[in-house]
Amino acid sequence: AQSVTQLDSHVSVSEGTPVLLRCNYSSSYSPSLFWYVQHPNKGLQLLLKYTSAATLVKGINGFEAEFKKSETSFHLTKPSAHMSDAAEYFCVLFEGGYQKVTFGTGTKLQVIP
Amino acid sequence: NAGVTQTPKFRVLKTGQSMTLLCAQDMNHEYMYWYRQDPGMGLRLIHYSVGEGTTAKGEVPDGYNVSRLKKQNFLLGLESAAPSQTSVYFCASTVPGQAQEQYFGPGTRLTVT
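Description of the structure in this document. Being a predicted model, the structure only gives us computed values, none of them experimental.

Thresholds applied
Residues numbered from 1 in each chain as written. Chains lettered and ligands numbered in written order. Predicted model: local features only at pLDDT ≥ 70, side-chain atom pairs only at ≥ 80, totals over all residues. Heavy atoms only, no water. Salt bridge = Lys/Arg side-chain N within 4 Å of Asp/Glu carboxyl O. Helix = DSSP H or I, 4+ residues; strand = E, 2+ residues; numbered from the N terminus. Buried < 20%, exposed > 50% of the residue type's maximum accessible area, 1.4 Å probe, protein only. Pairing = 2+ DSSP bridges. Axes fitted to C-alpha atoms, helices over the stretch in contact; angles between N-to-C directions. Contact = heavy atoms within 4.5 Å. Disulfide = S-S within 2.5 Å. Core = buried A, V, L, I, M, F, W, Y, C linked by side-chain atoms within 4.5 Å. Buried area = accessible area lost by both parts, 1.4 Å probe. Polar contact = N/O pair within 3.5 Å; in protein donor to acceptor, adjacent residues only side chain to side chain. Nonpolar A, V, L, I, M, F, W, Y, C, P; charged D, E, K, R; others polar.

Digging into the pattern of salt bridges
Part 1: Within this structure, the stated rule accounts for six salt bridges over all chains.
Part 2: A salt bridge links R22 of chain A to D8 of chain A; its shortest N-O distance comes to 3.0 Å. Of this pair, R22 of chain A sits in the loop between β3 (19-21) and β4 (23-26) while D8 of chain A is found in the loop between β1 (3-6) and β2 (10-14), placing the two residues 14 residues apart along the sequence.
Part 3: E64 of chain A is the partner of K58 of chain A in a salt bridge, and the nearest nitrogen-oxygen pair spans 2.8 Å.
Part 4: For K58 of chain A, a relative accessible area of 62% translates into the label exposed.
Part 5: Looking at E64 of chain A, the relative accessible area reads 23%, which means it is partly exposed.
Part 6: Through salt bridges with shared partners, a single network forms among R36, D38 and R44 of chain B.

Some thoughts on the sheet that holds strand β8 (residues 73-78) of chain B
Either a parallel or an antiparallel arrangement is found when strands of a sheet pair, and the pairing is made through backbone hydrogen bonds.
Residue and element names in this part refer to chain B.
Part 1: The four strands lie next to each other as β1-β3-β8-β7, forming an open sheet whose pairing is antiparallel. Of all strands in the sheet, those with a lone pairing partner are β1 (4-7) and β7 (65-67), marking the two edges. Neighbouring strand axes in the sheet, compared pairwise and without regard to direction, differ in orientation by 20 degrees on average.
Part 2: Direction of pairing for β7 relative to β8: antiparallel, over a ladder of three bridges. The partner of S67 across the bridge, within β8, is L75.

Comments concerning the environment of S14 of chain A
Residue and element names in this part refer to chain A.
Part 1: Within the secondary structure layout, S14 lies in strand β2.
Part 2: By relative accessible area, S14 is classed as partly exposed at 36%.
Part 3: If sequence neighbours within four positions are ignored, S14 has contacts with A81, V111 and I112.

Some words on the state of the cysteines
Part 1: This model, assessed by the stated rule, comprises two disulfides over all chains.
Part 2: With its sulfur 2.0 Å from that of its partner, C23 of chain A forms a disulfide with C91 of chain A. Taking the sign of the S-S torsion, -70 degrees for the link of C23 of chain A and C91 of chain A, the bridge is left-handed. Highlighted residues: C23 of chain A in strand β4 and C91 of chain A in strand β10 (residues 87-94), separated in sequence by 68 residues.
Part 3: Through a disulfide, C23 of chain B is tied to C91 of chain B; the S-S separation comes to 1.9 Å.

Topic: the nonpolar core
All names here are of chain A.
Part 1: Ranked by internal contacts, the top residues of the largest apolar core, which has 26 residues, are W35, L48, F74, L76 and Y89.
Part 2: Considering each element in turn, this core owes the most residues, four residues, to β10.
Part 3: With sequence-adjacent residues up to four places away left out, L48 is seen in contact with L33, F34, W35, V57, K58, G59, F63, E64, A65, F74 and L76.

A look at the pairing of β1 of chain A
All names here are of chain A.
Part 1: Here β1 shows a buried face lined by V4 and Q6 and an unburied face lined by S3 and T5.
Part 2: Inspection of the sheet shows β1 paired to β4 by four bridges, in the antiparallel sense. Bridge assignment links V4 to a residue of β4, and that residue is Y25.

Comments concerning the interface of chain B and chain A
Part 1: Each partner contributes to the interface: chain B provides 21 residues, whereas chain A provides 23 residues.
Part 2: A buried area of about 1,700 Å², summed over both sides, lies between chain B and chain A, and 58% of it is on carbon and sulfur atoms.
Part 3: The interface formed by chain B and chain A contains zero salt bridges.
Part 4: At the junction of chain B with chain A, the criterion picks out two residue pairs in polar contact (both at pLDDT 80 or more).
Part 5: Elements that contribute at least two residues to the side of chain B that touches chain A include exactly β4 (31-37) and β5 (43-51) of chain B.
Part 6: Residue composition of the side of chain B that touches chain A, grouped by class: 12 nonpolar, seven polar and two charged.

Encoded structure:
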């Protein structure tokens, strides 16, 4: 069975410092993995996606993620946090077509001025 | 393009009342989904549709019904609302194929008292 685990429910960083949001997955097949961001009272927006091409994926707003098959991880990083990055982030696993969609439980990122 | 729209944005129901949530997309997407979002649980798939006239159950379908009479619209119905259905509901749409981005609506916040 497929699953997604976001290891931290809350992460707090100071503005200008690096961001690391952790995601581990379990999948029987070659997965497609996504990171979505949700700002307060908004819908979800795609940050980036991995689809078996390059293992280092760059997304919008300076975020990137690295797919590591040996560690079954897809951690999201950003070199320098900005106040506008404060939001909730979801790691999402797609497997076997449209019906196998699994969302992580989310990580709330707080950015301290 | 309006993208994915949802109506209403907010609603308060009493236990036992019924209502229908409307999702509309203008991107000619084949696939549409209904999710619910609850604190600490991420998004869970309620029902989905792979085309006009077809629907299928997701992870948490009990207490909900759906219809896809037109390609652009996906309706979610609650026949007899329960407090456990208090949640934020998101609609999404995408095109067929693996690893396609889902486009999300802004959400409907439903409270059942």
